[in-house]
Amino acid sequence: MIRQTKAFHLAILALLIAIIILQSFVPFLGYIPVGPVNITIVQITVIIAAVLLGPKDGALLGLVWGGLSWIRAFAAPTSPVSTLVFTNPLISVVPRVLVGFLAGYVFLWLTKAHWHQLWALVVTGGVGAALNTILVVGLIALLYRTPAVAHAYGVANPSLLTKVLMGLVGTNGIPELILSAIVVPIIATPLLKLWRR
């Protein structure tokens with residue numbers, strides 16, 4: 001039996017931070033490059049952290065993820081879009097903090113509403129991934145309708161950038177949502193049993 005001491009809590013938090021660091025810098029562990037964009041899977045770790053540890057620690061893990069995304073945009077950009085867009089912490093950091101924070105609250109709300117744990121995890125995984133996509137793409141559309149960003153996405157006219165970004169919601173956002181909705185319950189279910197023991 002594992003006792004939930006403060007030291008145990010911190011150890012789990014440190015382990016999850018280490019996983020996010022690996023996912024952020026080791027190719028294909030956190031981001032799968034597809035053309036000028038990346039399919040993101042780091043949100044799965046952040047969502048699981050929010051489920052296990054709560055909204056505040058979920059936000060902390062989101063902050064780590066966002067901070068690493070911001071650093072990577074300067075130090076090792078994976079595409080021209082990274083350099084142009086993710087150097088802005090409003091896009092690289094804020095959405096990721098909100099993903100961890102809100103995913104924690106979604107799971108708490110669904111369990112208090114007596115949802116079956118499996119379905120609560122499926123919905124939390126999907127909502128967390130959707131939040132990341134909608135917030136990042138929405139902020140890019142709002143703040144970066146510029147010729148340079150349009151060109152990085154392969155669009156000649158900046159006025160067409162919003163349409164391209166909405167296409168990304170379909171091509172990137174939907175696979176990320178489905179993957180999170182499947183993987184979060186698979187990983188979080190046994191961890192929750194262990195955590196609550």
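The paragraphs below set out a description of the structure included in this document. (Residues numbered from 1 in each chain as written. Predicted model: local features only at pLDDT ≥ 70, side-chain atom pairs only at ≥ 80, totals over all residues. Heavy atoms only, no water.)

1. Here's the deal with the overall build of the chain
Phase 1 of the analysis: If you tally the helices and strands in the chain, you get nine helices and two strands.
Phase 2 of the analysis: Taken from the N to the C terminus, the helices and strands of the chain come in the order α-β-β-α-α-α-α-α-α-α-α.
Phase 3 of the analysis: Out of the 197 residues belonging to the chain, those deemed buried represent 46%.
Phase 4 of the analysis: A sequence separation of at least 24 residues applies to 68% of the contacts in the chain between residues at least 6 apart.
Phase 5 of the analysis: For the chain, the accessible area works out to roughly 9,700 Å², and carbon and sulfur atoms hold 75% of it. (Helix = DSSP H or I, 4+ residues; strand = E, 2+ residues; numbered from the N terminus. Buried < 20%, exposed > 50% of the residue type's maximum accessible area, 1.4 Å probe, protein only. Contact = heavy atoms within 4.5 Å. Areas by Shrake-Rupley, 256 points an atom, 1.4 Å probe, with all protein chains shown as cover.)

2. Quick look at the packing of helix α1 (residues 6-25) against helix α2 (residues 42-53)
Phase 1 of the analysis: Where α1 contacts α2, the two axes come as close as 9 Å, and the packing angle between them is 170 degrees. Of the possible angle classes, the one that applies to α1 and α2 is roughly antiparallel. Two secondary-structure elements touch here, α1 through His9, Ile12, Leu13, Leu16, Ile19, Ile20 and Gln23 and α2 through Val42, Thr45, Val46, Ala49 and Leu53.
Phase 2 of the analysis: Its residues assigned to classes, the contact of α1 with α2 comprises nine nonpolar, three polar and no charged. (Axes fitted to C-alpha atoms, helices over the stretch in contact; angles between N-to-C directions. Parallel < 35°, antiparallel > 145°, perpendicular 65-115°, else oblique. Nonpolar A, V, L, I, M, F, W, Y, C, P; charged D, E, K, R; others polar.)

3. Comments concerning the side chain of Arg96
Phase 1 of the analysis: On the secondary structure map, Arg96 appears in helix α6 (residues 94-112).
Phase 2 of the analysis: Glu176 provides the closest opposite charge to the buried, unpaired Arg96, separated from it by 7.6 Å.
Phase 3 of the analysis: Here Ser69 takes part through its side chain, which lies 2.9 Å from a polar atom of the side chain of Arg96.
Phase 4 of the analysis: Among all residues touching Arg96, those that are not within four sequence positions of it are Tyr31, Gly62, Trp65, Gly66, Ser69, Phe86, Asn132 and Val136. (Lys, Arg positive; Asp, Glu negative; His and termini not counted. Salt bridge = Lys/Arg side-chain N within 4 Å of Asp/Glu carboxyl O. Polar contact = N/O pair within 3.5 Å; in protein donor to acceptor, adjacent residues only side chain to side chain.)

4. Examining a nonpolar patch on the surface
Phase 1 of the analysis: A contiguous nonpolar surface patch, about 740 Å² in accessible area, is contributed by Leu90, Val94, Leu98, Phe101, Leu102, Tyr105, Leu108, Leu142 and Leu143.
Phase 2 of the analysis: Breaking the nonpolar patch down by element, the ones donating at least two residues are α6 and α7 (117-143).
Phase 3 of the analysis: Counting residues per element, the nonpolar patch draws most heavily on α6, which supplies six residues.
Phase 4 of the analysis: By secondary structure assignment, the location of Val94 is in helix α6. (Patch = residues over 30% accessible without salt bridge, like charges linked within 9 Å, V, L, I, M, F, W, Y side chains within 5 Å.)

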